[in-house]
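In case you want the letters, here they are:
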2 protein chains.
Amino acid sequence: MGTRLADVAAHAGVSVQTVSNALNNPALLKPTTLERVLASVDALGYAPNIQARRLRQRTVSTIGLRIEPVVDNIASSLLDRFLHELTAQADELGRHVLLFTATSDEEEVRKIRRLQSERAADQFVLSGTHPGDARVDALLEAGLPFVAFGRPWDASAPHAWVDVDGAAGTREATEALLDAGHRRIGFVGWPAGSGSGDDRRAGWADAMRERLGIDDAGLERLTARSDDRVGEAVDATAHLLPHVDALVCASDSLAAGAIAAAAPSGRRLPVIGFDNTSLAAGLGFPSIDQSLDEVARAVHAAFADPTSTTLVRPRLVRRDDTRWGIAPVADRGSAPS
Amino acid sequence: MGTRLADVAAHAGVSVQTVSNALNNPALLKPTTLERVLASVDALGYAPNIQARRLRQRTVSTIGLRIEPVVDNIASSLLDRFLHELTAQADELGRHVLLFTATSDEEEVRKIRRLQSERAADQFVLSGTHPGDARVDALLEAGLPFVAFGRPWDASAPHAWVDVDGAAGTREATEALLDAGHRRIGFVGWPAGSGSGDDRRAGWADAMRERLGIDDAGLERLTARSDDRVGEAVDATAHLLPHVDALVCASDSLAAGAIAAAAPSGRRLPVIGFDNTSLAAGLGFPSIDQSLDEVARAVHAAFADPTSTTLVRPRLVRRDDTRWGIAPVADRGSAPS
DNA sequence: ATGCCTGGTTGGATCGTTCCAATCTTGACG
DNA sequence: CGTCAAGATTGGAACGATCCAACCAGGCAT
């Protein structure tokens, strides 16, 4: 509990500084002294007072991360998983993760400023960057060290970022369906202009263009758009269903909506979601997983190298659950002709 | 950035101590000085160095909380929501939340010890306490300040805790179904012996006994049990379906399984889940919500009063979504005779 | 022997705040 | 007009670590 460096020093018969060196710079000590000191350290169960260290070193190695207030939506689970990975890895790197909440981007920037100036955190992660994001420029201008989870849509200066290659994910999903014999593969996405939504559609579109030679007009006819809610997606996909034999979706909510829309007909329609949330796991449909462990790894690395930029490749998680009339991806039997 | 108490003091023409008092104990100052000092404070944009304060005060007002490593399950989302609430309220109380991960209860205790002795956190939340939980006794013995989220199943000494009254929740759900005219209301739960699982079943059982006079044998015939996975729940509820006209479930996963099992028949069967996770929101079935905001509030309060024990009442969230053949709770039309 | 260098070790100052006790004001009152 | 108490302000010592520069022993060259 209350053992200080001085106690260990007295116990080992050396100076305070030597004990400090034993822990932080062991190479400086004569091997025999080192051994003796370390023995005293764990004889007394000493652990350094982290606050004192931080005060002296003028660094807190703490990552500040905003989390959203609770809402009844599904999207947040993605950030939660990222948070878990980030924390697990931070443990090993001797970093800490400090959470705070904010209800708007402006408030987030204010709180980051505050945390920085009161030295509660000295590194920040901006998650969910989007086109027109004012946070990036605000932090750049203030000279605050941060890594963005999300590519720079329109930042005025370069900065460290990590993002998931959504297009690569939907492309993989689309090609898996093509390989399984499907041809009329539809896409259910969000309204245009959302950055990552457009990115996800692009992967599907590219694959369809390349492999089947479909033109833009044709692609548009295979596309449905809806806000990210199951209920709305049900309605939005209804008109698309007669014309497709498989679906790639920009999110699991949309996928769930599509499945709900298709269920009454009794058809076996392969549907692939995005983000691999609990919704996909629960309903049992395949989904594209964002590899958040890799994202977290890249974020940690980016704190050391502020010029780093990383695009992580997501991977398709297959599921062979056939409840709800969901057909597994590789189920050739469900592919017409 | 680097403005210190001393800078403010110089600017305002007072001593360092006076500035400190202005911020922490304003009543001590003459109103005119107070005003002058505060003016200097925000003229210079001063924010106290939190590390220095913690070092001096020998207290860090930081709550340590373990989060589970990522797994593909649904249960974790509950803890995540609790985390969000806890954090949001901590912000306002000047507390911080520090996360760490552990893969076993033993590791959790070790890490808590460590965080305590290095003064990284000085308050802890133990979540998901269960019968036979060794963590509680370990922390009690070590004299570490903690609040349990979960009642004390077999702790050897009293301690602060907060829990959700699961029985009250399932009772409310059951009574809502009874009021809607249902009589043969089944229960889908976990294998006996899980503490909170037994608690949730008790609420349903009590209501059925009191209102319909069903005996234990009868209740047992209306019960299905399954591990907390959608797939298993589908199989486990199959035999129950012919004998019930509504279901109360111990979790949303179980509810989703029950709904999946009932879907093929085309029946409109009201199903109520527990925890109000994204699965319930996504599929659109009613669920019992744990009121995690109240839980978080009680946890914060318990840190101030270590003898505090709180049982929070959950509330039924109704949904009138009829996809999947889920009937809304109050839908009399679906209630037979 | 004197000086010099290098590997080990040490003392003292410092990070920025709050605690504690002492000092200075002020005003009321005999 | 001096005394005393309460009110307001202040100086200095902590909190517990690391930084920095200085010290010491001894091996080697001069």
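Note that the structure is a prediction, hence the values are computed from the model and not measured.

## Observations concerning the interface of chain A and chain B
With 52 residues of chain A at the interface, the matching set in chain B holds 52 residues. Between chain A and chain B, roughly 4,700 Å² of surface is buried when both sides are summed, and carbon and sulfur atoms account for 63% of that area. At the surface where chain A touches chain B, the tally comes to two salt bridges. Across the contact surface, chain A and chain B share 13 residue pairs in polar contact (both at pLDDT 80 or more). Mapped by element, the contributors of at least two residues to the side of chain A that touches chain B are α4 (50-57), α5 (76-93), β2 (96-101), α6 (105-117), α11 (230-238), α12 (252-262) and α13 (278-283) of chain A. Top element by residues in the side of chain A that touches chain B is α5(A). It accounts for eight residues. Classifying every residue of the side of chain A that touches chain B by side-chain character gives 27 nonpolar, 13 polar and twelve charged.

## Details of the protein's contact with DNA strand C
Around DNA strand C, a shell composed of 25 residues is seen, among which A:Thr18, A:Arg58, B:Leu5, B:Gln17 and B:Tyr46 lie nearest. Backbone atoms, meaning sugar plus phosphate, form 69% of the atoms of DNA strand C positioned within 4 Å of the protein. One of the side-chain N or O atoms of A:Thr33 is found 2.8 Å from a phosphate oxygen in DNA strand C. Among the residues forming the surface near DNA strand C, the class breakdown is nine nonpolar, ten polar and six charged.

## Some thoughts on the sheet that holds strand β9 (residues 271-274) of chain B
All names here are of chain B. The sheet built from six strands is open, its strands ordered β7-β6-β8-β9-β10-β12 with mixed pairing. Both edges of this open sheet fall to β7 (223-225) and β12 (315-317), since each of them pairs with a single strand only. When the angles between neighbouring strand axes are averaged without regard to direction, this sheet yields 25 degrees. Pairing analysis gives three bridges linking strand β10 (residues 287-289) to β12, with the strands arranged antiparallel. Counterpart to serine 287 in the pairing with β12 is valine 317. Taken strand by strand, helix α12 (residues 252-262) contacts β6 (185-189), β8 (246-249), β9 and β10, and its axis lies near 155 degrees from that of β9.

## Some words on the side chain of A:Asp163
All names here are of chain A. Turning to its location among the elements, aspartate 163 is positioned in strand β5 (residues 161-164). On the basis of relative accessibility, which here comes to 11%, the residue aspartate 163 falls in the buried class. Engagement of the side chain of aspartate 163 in a polar contact is seen with the side chain of arginine 151, the distance being 2.7 Å. In this structure, aspartate 163 is in contact with Phe149, Gly150, Arg151, Thr310, Leu311 and Val312, ignoring residues within four places of it in sequence.

## Notes on unusual backbone geometry
If a residue is not glycine, its phi is most likely negative; likewise, a peptide bond is most likely trans. Residues and elements named next belong to chain A. We note that aspartate 275 has phi near 110 degrees; this positive angle belongs to a residue other than glycine. Note on placement: aspartate 275 falls in the loop between β9 (271-274) and α13. Assessed through its relative accessible area of 11%, aspartate 275 is described here as buried. Phi is positive for serine 291, close to 55 degrees, though the residue is something other than glycine. Judged by relative accessible area, which is 0%, serine 291 ranks as buried.

## Some details on the protein's contact with DNA strand D
Around DNA strand D, a shell composed of 26 residues is seen, among which A:Leu5, A:Gln17, A:Ser20, A:Asn24 and B:Thr33 lie nearest. Each atom of DNA strand D within 4 Å of the protein was classed as base or backbone; sugar and phosphate made up 68%. In this structure, A:Tyr46 approaches DNA strand D through a side-chain N or O atom, which is 2.7 Å from a phosphate oxygen. Those elements that provide at least two residues to the surface near DNA strand D are α2 (16-24) and α4 of chain A together with α2 (16-24) and α4 (50-57) of chain B. Looking at which element gives the most residues to the surface near DNA strand D, the answer is α4(A), with five residues.

How each quantity is defined
Residues numbered from 1 in each chain as written. Chains lettered and ligands numbered in written order. Predicted model: local features only at pLDDT ≥ 70, side-chain atom pairs only at ≥ 80, totals over all residues. Heavy atoms only, no water. Contact = heavy atoms within 4.5 Å. Buried area = accessible area lost by both parts, 1.4 Å probe. Salt bridge = Lys/Arg side-chain N within 4 Å of Asp/Glu carboxyl O. Polar contact = N/O pair within 3.5 Å; in protein donor to acceptor, adjacent residues only side chain to side chain. Helix = DSSP H or I, 4+ residues; strand = E, 2+ residues; numbered from the N terminus. Nonpolar A, V, L, I, M, F, W, Y, C, P; charged D, E, K, R; others polar. Near = heavy atom within 4 Å. Pairing = 2+ DSSP bridges. Axes fitted to C-alpha atoms, helices over the stretch in contact; angles between N-to-C directions. Buried < 20%, exposed > 50% of the residue type's maximum accessible area, 1.4 Å probe, protein only.

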